Amino acid sequence: MNKEAQRIAIAEACGWLFKPDEFGWSFVKPDKEGFWWKYGEGEEPFPDYLSDLNAMHDVEKRLTVDQKFLYYQILFDPDNTCDTILKTDHWHKISATAAQWAEAFLKTIGRWKAA
């Protein structure tokens, strides 16, 4: 799954909509009053999910309790019983990149597509 496809899938899971427009494409999202605005026109900047750990922390909050279990299992499964992104060494748990968290999130919600 390329980076652009990952960003789109995560953005859509977070309420952004991917819309083609005269410039190629844009992300749009409703504001608190229900009006739509493009990325850059509102208060909320478009997150850089694959590079920003804070953005992925916000994404992580959208998971249900059951999804959180799978999410962490994908990243940290100590018995390597599932497709893990990281090894079992505890250092890897605290040093995972935003891209690794993004991949785990997309696998958890069923939006990851193998290349």
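Conventions used here
Residues numbered from 1 in each chain as written. Predicted model: local features only at pLDDT ≥ 70, side-chain atom pairs only at ≥ 80, totals over all residues. Heavy atoms only, no water. Helix = DSSP H or I, 4+ residues; strand = E, 2+ residues; numbered from the N terminus. Expected span 1.5 Å × (residues − 1). Buried < 20%, exposed > 50% of the residue type's maximum accessible area, 1.4 Å probe, protein only. Arc of directions from axis to C-beta. Phe/Tyr/Trp six-rings, centres within 6.5 Å; stacked < 30°, edge-to-face > 60°. Core = buried A, V, L, I, M, F, W, Y, C linked by side-chain atoms within 4.5 Å. Contact = heavy atoms within 4.5 Å. Salt bridge = Lys/Arg side-chain N within 4 Å of Asp/Glu carboxyl O.

Colleague: What is the right way to look at helix 3 (residues 65-76) in this model?
Modeller: An α-helix turns once every 3.6 residues. As a result, residues three or four positions apart point the same way. A rise of 1.5 Å per residue sets the reference length of helix 3, with its 12 residues, at 16 Å; its end C-alpha atoms lie 16 Å apart and thus fit the reference within 8%. For helix 3, the set of buried residues is Tyr 71, Ile 74, Leu 75 and Phe 76. On an axial view of helix 3, the arc spanned by its buried residues comes to 165°, and they lie on one face. Opposite the packed face of helix 3, turned more than 90 degrees from it, sit the exposed residues Val 65, Asp 66 and Phe 69.

Colleague: Help me out: how do you make sense of the packing of aromatic side chains in this one?
Modeller: Scanning the entire structure with this criterion turns up 3 aromatic pairs. Between Tyr 71 and Tyr 72 the ring centres are 5.3 Å apart and the planes differ by 65°, which places this aromatic pair in the edge-to-face class. The exposure class assigned to Tyr 71 is buried, which follows from its relative accessible area of 0%. Since its relative accessible area comes to 33%, Tyr 72 is described here as partly exposed. Of the aromatic side chains, those joined through ring pairs into one cluster are Tyr 71, Tyr 72 and Trp 101.

Colleague: What am I meant to see in the nonpolar core here?
Modeller: Taken as a class, soluble globular proteins show a tendency for nonpolar side chains to be buried jointly. Within the largest apolar cluster, 23 residues are counted, with the highest numbers of intra-cluster contacts made by Ile 10, Tyr 49, Met 56, Val 59, Tyr 71, Trp 101 and Phe 105. Per-element accounting of this core gives the leading share, 6 residues, to helix 5 (residues 98-108). Setting aside residues no more than four positions away along its own chain, Val 59 makes contact with Ile 10, Cys 14, Tyr 49 and Phe 105.

Colleague: Mind showing me how you'd approach the pattern of salt bridges here?
Modeller: Oppositely charged side chains can pair when the atoms bearing their charge come close. Inspection of the entire model under this criterion finds 3 salt bridges. Among the salt bridges present, the one from Asp 58 reaches Lys 61, with a minimum N-O distance of 3.5 Å. Exposure remark for Asp 58: the relative accessible area of 47% places this residue in the partly exposed category. Under the relative-accessibility criterion, Lys 61 is labelled exposed at 55%. Measuring nitrogen to oxygen at the nearest pair gives 2.9 Å for the salt bridge that ties Lys 107 to Glu 103. With a gap of 4 residues between them, Lys 107 and Glu 103 both fall in helix 5, about one helical turn apart. On the basis of relative accessible area, Lys 107 is assigned to the partly exposed category, the value being 21%.

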